Amino acid sequence: MTKRQEKILEIVKSEGPITGEQIADQLHLTRATLRPDLAILTMSGFLDARPRVGYFYSGKTANQLMGEHIRNLYVKDYKSVPVVVTEATSVYDAICTMFLEDVGTIFVIKKEGYLIGVISRKDLLQTSMGKQDLSSIPVGVVMSRMPNLITCTSEDTLHYAAQQMMRHQVDSLPVVRPFQGDTRHFEVIGRISKTTLAKAFVELGQHISV
């Protein structure tokens with residue numbers, strides 16, 4: 001928040017409701033000069049505005065506004081493309097896929113297309129530490145299986161997804177929907193990872209600090 005925006009907030013707190021023209025007069029500026037600042041403060045939630053009444057302070061703190069913004073971010077707006085393999089894929093090929101796609105988690109599906117498991121870097125590392133032929137071991141042997149997987153949907157909030165990841169100590173979640181209308185099985189339509197959350201947090205910080 002700029003010094004001028006802080007001064008506008010002080011004026012509105014003490015004298016609101018107050019018109020834009022009256023604020024401009026007190027700051028010895030034109031209404032046009034203040035218009036971007038008033039728009040930013042209103043869009044950010046610090047001020048409310050009513051026609052023929054003017055601006056007044058919303059009473060919300062920066063922390064409250066940040067919380068509201070976070071709770072209004074949805075998985076559908078941030079999910080990325082999932083990386084999937086079938087259960088017959090070898091551990092060796094899964095390692096190559098993970099490296100080439102630069103992901104920390106791969107989702108495992110049946111040949112029919114529905115989710116049956118998840119394999120992580122840790123799973124692949126543990127398997128590769130032995131003397132087994134990695135090309136002969138299918139990921140279906142070492143993956144974490146349904147129904148013990150933590151998932152989310154496109155309509156869940158990003159806040160909920162973050163809570164699930166922290167609670168269950170996982171690096172990413174598959175974004176799912178019922179597979180061909182069958183609620184017993186799920187189709188993977190995206191993923192939410194810790195990187196996703198970091199990007200959303202950075203974007204949110206840039207928005208709030210404008």
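On a predicted model such as this, the values are computed, not experimentally measured, just so you know.

**What to know about the nonpolar core**
- Counting residues in hydrophobic clusters, the biggest one holds 17 residues, and the most contacted among them are Val 91, Ile 106, Val 108, Ile 119, Leu 124 and Val 139.
- Mapped by element, the contributors of at least two residues to this core are helix H6 (91–101), strand S4 (105–109) and strand S5 (115–120).
- Tallying contributions element by element places H6 first for this core, with three residues.
- Apart from the residues within four sequence positions on either side, Leu 124 is in contact with Val 91, Ala 94, Ile 95, Met 98 and Ile 119.
- In this structure, Leu 38, Leu 41, Phe 46 and Tyr 55 belong to the second largest nonpolar core, which totals 14 residues.

**Some words on the packing of aromatic side chains**
- In this structure the tally under the stated criterion is one aromatic pair.
- Seen from the ring of Tyr 57, Lys 13 lies directly overhead, with NZ or CZ sitting 4.9 Å from the centre.
- Above the ring of Tyr 74, the side-chain terminus of Lys 76 is found at 5.8 Å from the ring centroid.

**Considerations on the sheet that holds strand S3 (residues 84–86)**
- Taken in spatial order, the four strands make up an open sheet running S3-S4-S5-S6, and their pairing is mixed. Both edges of this open sheet fall to S3 and strand S6 (144–145), since each of them pairs with a single strand only.
- Sheet topology note: the S5/S6 ladder contains two bridges and is antiparallel. Across the sheet, residue Val 118 finds its bridge partner in S6, namely Ser 144.
- Sheet strands touched by H6: S3, S4 and S5. Its angle to S4, the strand with the most contacts, is close to 130°.
- Lying on the sheet, helix H7 (residues 121–128) is in contact with S5 and S6; it crosses S5 at an angle near 70°.

**So, the pairing of strand S7 (residues 172–179)**
- For S7, the buried fraction is high: six of the eight residues fall into the buried class.
- Strand direction decides the pairing type here: S7 and strand S8 (residues 182–193), joined by eight bridges, are antiparallel. What sits directly across from Val 175, in S8, is Gly 190.
- Where S7 folds back on S8, the antiparallel hairpin that results is connected by two residues, among which Gln 180 adopts a positive phi of roughly 50°.

**Things to note about the side chain of Asp 123**
- Take Asp 123: it is sitting in helix H7.
- Despite being buried, Asp 123 has no salt bridge partner; Lys 122 is the closest side chain of opposite charge, sitting 7.1 Å away.
- Those residues in contact with Asp 123 that lie beyond four places of it in its chain are Val 118, Val 142 and Ser 144.

**Here's the deal with helix H9 (residues 158–168)**
- Of the residues making up H9, those classed as buried are Leu 158, Ala 161, Ala 162, Gln 164 and Met 165. Buried residues of H9 fall within an arc of 160° about the axis and therefore sit on the same side. Residues of H9 that are exposed and angled more than 90 degrees away from the buried face: Met 166 and Arg 167.
- Directly beyond the C-terminal end of H9, a positive phi value near 55° is found at Gln 169.

**Digging into the environment of Thr 2**
- Secondary-structure assignment places Thr 2 in the segment before helix H1 (3–15).
- Sequence separation of Thr 2 and Asp 37 is 35 residues, and the distance between their C-alpha atoms is 8.9 Å.
- Within polar-contact distance, the side chain of Thr 2 engages the backbone nitrogen of Gln 5 at 3.1 Å.

Conventions and cut-offs
- Residues numbered from 1 in each chain as written.
- Predicted model: local features only at pLDDT ≥ 70, side-chain atom pairs only at ≥ 80, totals over all residues.
- Heavy atoms only, no water.
- Core = buried A, V, L, I, M, F, W, Y, C linked by side-chain atoms within 4.5 Å.
- Buried < 20%, exposed > 50% of the residue type's maximum accessible area, 1.4 Å probe, protein only.
- Helix = DSSP H or I, 4+ residues; strand = E, 2+ residues; numbered from the N terminus.
- Contact = heavy atoms within 4.5 Å.
- Phe/Tyr/Trp six-rings, centres within 6.5 Å; stacked < 30°, edge-to-face > 60°.
- Lys NZ or Arg CZ within 6 Å of the ring centre and 35° of its normal.
- Pairing = 2+ DSSP bridges.
- Axes fitted to C-alpha atoms, helices over the stretch in contact; angles between N-to-C directions.
- Lys, Arg positive; Asp, Glu negative; His and termini not counted.
- Salt bridge = Lys/Arg side-chain N within 4 Å of Asp/Glu carboxyl O.
- Arc of directions from axis to C-beta.
- Polar contact = N/O pair within 3.5 Å; in protein donor to acceptor, adjacent residues only side chain to side chain.

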